Amino acid sequence: MCREAGAPEPTGTGGEARTDAAFSALLEDSAEDLYEAAPCGYLSTLMDGTIAKINTTLLDWLGLAREDVVARKRFADLLTVGGKLYHETHFAPLLRMQGEIKGIALELRTAAGNRLPVLVSSAVKQGSEGQPLLIRTTVFDASDRRAYEEELLRRRQEAERARTEAERARAEAEHARTQAEQASAEAQEARLQADAHRQRLADALAVLQQSLLPDFLPVVPGVETAVHYHAASPDRLGGDFYDLFPIDGARWAFFLGDVCGKGPEAAAVTSLTRYTLRAAAHHDPEPAAALATLNAVLHERYTGTGDPRYCTCIFGILEPGADGRTAVHLASGGHPPALVLRADGHAAYLPTPGGLLVGVVPTAPFTTARTTLAPGDTLLLYTDGLTEARKGPTRDDLYGEEALLAFVTEQAPASPHAVITALTGLLEGFGDGLDDDTALLALGVPAHQSATRPATNHS
């Protein structure tokens, strides 16, 4: 921590001389030295992107010479192919509109052809009359974050392999017990060991699953929240996700979705999705823009891997008003429509037709909708594990959206906690017909305004 110029010197004896010497040594660095040797990359470009100035740190990361970059390359030339596309379609337009943009995840391509993951922030410098002069950009090395995500994926893959090995050991133990009566004691021991191994694995996976969900939902003034997460299998990581967080003093962002697949790969996509949506919401909380950012990240990250990954998602903004009503603006990417329970006892879907799955194509339109929650109204979001639950004696029939609407209408009017409690009982009634994870999130305006409390139930 540095003292500001003109601040009084620290008092005391003993180490005072050494402290002053250390501060003097730090202050001997010139502004140019601090710029060139900063722990992050700096560059300045003309408004068309032509690089006018770049520091030594960023040149070293890229393995480029200054004379080959300054006035010869544009900022977009330093990006990967996917990064160039995102820069042209989202980054540059947002920067022109807002004047600044912060913390965008991109990848630079080094002289050796390697990818360097970075977080980029840019701001437009304006002249005395407000005309744009140049763009200043800061680049942070995100390699450690990427390495952490890859290590997490590796550990989850190891856990999945351990589960398979435990199942194989159990099967072998059962076979040995039936083959020979005299080996029954040994087979029993092996079975117990396999069960213990499986339980340890289930416990580990439960901890990993818990880490992909928020511990609790924050308190939103004038809004009640409730949540429930049902894991269909204790030994498979699921891909359903949700979150609720503040954007500023007046608005709150929420989202709920479902990643394709199961296991460690789906969990890695879930982690990336939550991180990306949170970051995108703080730069542009417009729901369709947040989903567009997530679409670009997922498509660039997984399209070239031979294992494309995508998700469905609803992203929305809450804006409580002084009149006790709360405005809701949301967008959907291929996700089942939200339900609205009104205080007058009616319930209906909030239509968001035609939204594409997130991450399937490079750019995709997303359907938006608006509504207002009056006192006693509740908004319900859910994943398709609920509507695709199997019912009937043979488990051949899907529960479906019409049955869900009829069930919810019977509950209306109902608070978020009452809705989630009723739906939790419904899920339990499906028994083994519920073979997919299910996430439920309810947001509502209390009929009688009182102190709200955070939702913590995601069992």
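Computed from a predicted structure; not experimentally measured. (Residues numbered from 1 in each chain as written. Predicted model: local features only at pLDDT ≥ 70, side-chain atom pairs only at ≥ 80, totals over all residues. Heavy atoms only, no water.)

K.L.:
Just to check I follow, could you spell out the overall build of the protein chain for this structure?
P.N.:
For the protein chain, the helix and strand inventory stands at 11 helices and 17 strands. Classification of the 459 residues of the protein chain by burial places 45% in the buried group. Partitioning the intrachain contacts of the protein chain with sequence separation of at least 6 by distance along the chain shows that 64% fall at a separation of at least 24. With the model as given, the accessible surface of the protein chain reaches about 22700 Å², and the carbon-plus-sulfur share is 54%. (Helix = DSSP H or I, 4+ residues; strand = E, 2+ residues; numbered from the N terminus. Buried < 20%, exposed > 50% of the residue type's maximum accessible area, 1.4 Å probe, protein only. Contact = heavy atoms within 4.5 Å. Areas by Shrake-Rupley, 256 points an atom, 1.4 Å probe, with all protein chains shown as cover.)

K.L.:
Is there a simple way to think about the environment of Ala 292 in this case?
P.N.:
With respect to the helices and strands, Ala 292 occurs in helix α8 (residues 287-302). Exposure remark for Ala 292: the relative accessible area of 16% places this residue in the buried category. Sequence separation between Ala 292 and His 90 is 202 residues; the distance between their C-alpha atoms is 8.6 Å. Ala 292 has contacts with His 90 and Phe 366, leaving out every residue within four places of it along the chain.

K.L.:
For this particular structure, what's the right way to read the sheet that holds strand β1 (residues 41-45)?
P.N.:
The pairing of strands in a sheet happens through backbone hydrogen bonds and is either parallel or antiparallel. Read from one edge to the other, the open sheet built from five strands follows the order β2-β1-β5-β4-β3, with strand pairing classed as antiparallel. The outermost strands of the open sheet, each flanked by one partner alone, are β2 (51-54) and β3 (100-109). Between one strand axis and the next, the sheet turns through 25° on average, direction left out of account. Here β1 runs beside β2; their pairing, made up of three bridges, is antiparallel. (Pairing = 2+ DSSP bridges. Axes fitted to C-alpha atoms, helices over the stretch in contact; angles between N-to-C directions.)

K.L.:
Looking at this structure, how should I read a nonpolar patch on the surface?
P.N.:
There is a patch of nonpolar side chains on the surface, built from Tyr 310, Leu 356, Leu 357, Val 360 and Val 361 and spanning about 350 Å² of accessible area. Classification of Leu 357 by relative accessible area gives partly exposed; the value is 31%. (Patch = residues over 30% accessible without salt bridge, like charges linked within 9 Å, V, L, I, M, F, W, Y side chains within 5 Å. Salt bridge = Lys/Arg side-chain N within 4 Å of Asp/Glu carboxyl O.)

K.L.:
Where do I start with the packing of helix α7 (residues 263-283) against α8 in this structure?
P.N.:
How two helices sit against one another is set out by the angle between their axes and by the gap between those axes. Contact pair α7 / α8: the axes reach a minimum separation of 9 Å and the direction vectors enclose 140°. As far as their axial angle goes, α8 and α7 are oblique. As for how α7 packs across α8, the hand of that crossing is right-handed. On the side of α7, the interface is formed by Ala 268, Val 269, Leu 272, Thr 273, Thr 276, Leu 277 and Ala 280, while α8 contributes Ala 290, Leu 291, Thr 293, Leu 294, Val 297, Leu 298, Arg 301 and Tyr 302. By residue class, the composition of the contact of α7 with α8 is 11 nonpolar, three polar and one charged. (Parallel < 35°, antiparallel > 145°, perpendicular 65-115°, else oblique. Left-handed = near helix turned anticlockwise from the far one by under 90°. Nonpolar A, V, L, I, M, F, W, Y, C, P; charged D, E, K, R; others polar.)

K.L.:
Help me understand empty space enclosed by the protein in this model?
P.N.:
If you roll a probe as big as a water molecule over the atoms, it shows you where there is empty space left. A complete count under the given rule lists one cavity of 30 Å³ or more for this structure. There is about 160 Å³ of room inside the largest cavity. Per-element tally for the lining of the largest cavity: the top contributor is α7, with five residues. (1 Å grid on protein atoms, 1.4 Å probe; cavity = no way out; pocket = protein on both sides within 12 Å on 5 of 7 lines; lining within 4 Å. Points joined across faces, edges and corners; volume = space filled by probe spheres on them.)

K.L.:
Would you mind showing me how to read the pattern of salt bridges here?
P.N.:
Evaluation of the coordinates by the stated rule reveals 12 salt bridges. In this structure, Glu 107 and Arg 115 form a salt bridge, with 2.5 Å as the shortest nitrogen-oxygen distance. The exposure class assigned to Glu 107 is buried, which follows from its relative accessible area of 9%. Looking at Arg 115, the relative accessible area reads 47%, which means it is partly exposed.

K.L.:
Explanation requested: the nonpolar core in the structure shown.
P.N.:
The tendency in soluble globular proteins is for nonpolar side chains to be buried side by side. Judged by nonpolar contacts, the single largest core of 27 residues is most densely connected at Leu 277, Leu 298, Cys 311 and Phe 315. When contributions to this core are tallied by element, the ones reaching two or more residues are β7 (240-246), β8 (252-259), α7, α8 and β9 (311-320). Considering each element in turn, this core owes the most residues, seven residues, to α8. What Phe 315 contacts, discounting residues up to four positions off in sequence, is Ala 253, Phe 254, Phe 255, Leu 277, Ala 281, Pro 285, Pro 287, Ala 290, Leu 291, His 329, Leu 330 and Ala 331. In this structure, Val 223, Val 227, Ile 314 and Ala 439 belong to the second largest nonpolar core, which totals 26 residues. (Core = buried A, V, L, I, M, F, W, Y, C linked by side-chain atoms within 4.5 Å.)

K.L.:
Help me understand helix α11 (residues 416-430), please; the structure alone is not making it clear to me.
P.N.:
Given a rise of 1.5 Å per residue, 15 residues ought to cover 21 Å, and the 22 Å separating the end C-alpha atoms of α11 matches this to within 8%. Within α11, the full set of buried residues consists of Pro 416, Val 419, Ile 420, Ala 422, Leu 423, Thr 424, Leu 426, Leu 427 and Phe 430. Positioned one or two residues after α11, Gly 431 has a phi angle of 60°, which is positive. (Expected span 1.5 Å × (residues − 1).)

K.L.:
Even after reading the chapter, I still don't get the sheet that holds strand β11 (residues 338-341), so can you show me in this structure?
P.N.:
With respect to topology, five strands assemble into an open sheet ordered β6-β17-β14-β11-β12, the strand pairing being antiparallel. Edge positions in the open sheet fall to β6 (224-230) and β12 (347-350), since each of these has one partner strand only. On average, each strand axis in the sheet is inclined to that of its neighbour by 20°, with strand direction left out of account. With seven bridges joining them, β6 and strand β17 (residues 438-444) adopt antiparallel strand pairing. Residue pairing in the sheet places Ala 226 in a bridge with Ala 442 of β17.

K.L.:
Would you mind going over the layout of surface pockets with me for this structure?
P.N.:
Computed from the structure, the largest pocket encloses a volume of approximately 510 Å³. Glu 149, Ala 268, Ser 271, Leu 272 and Arg 301 are the residues nearest the centre of the largest pocket, which is lined by 21 residues in total. Mapped by element, the contributors of at least two residues to the lining of the largest pocket are α5 (143-179), α7 and α8. Counted as a void, the second largest pocket has a volume near 380 Å³. Along the walls of the second largest pocket sit 19 residues, with Ala 105, Glu 107, Arg 146, Val 297 and Arg 301 positioned nearest its centre. Residues of the lining of the second largest pocket, tallied by class, amount to 11 nonpolar, one polar and seven charged.

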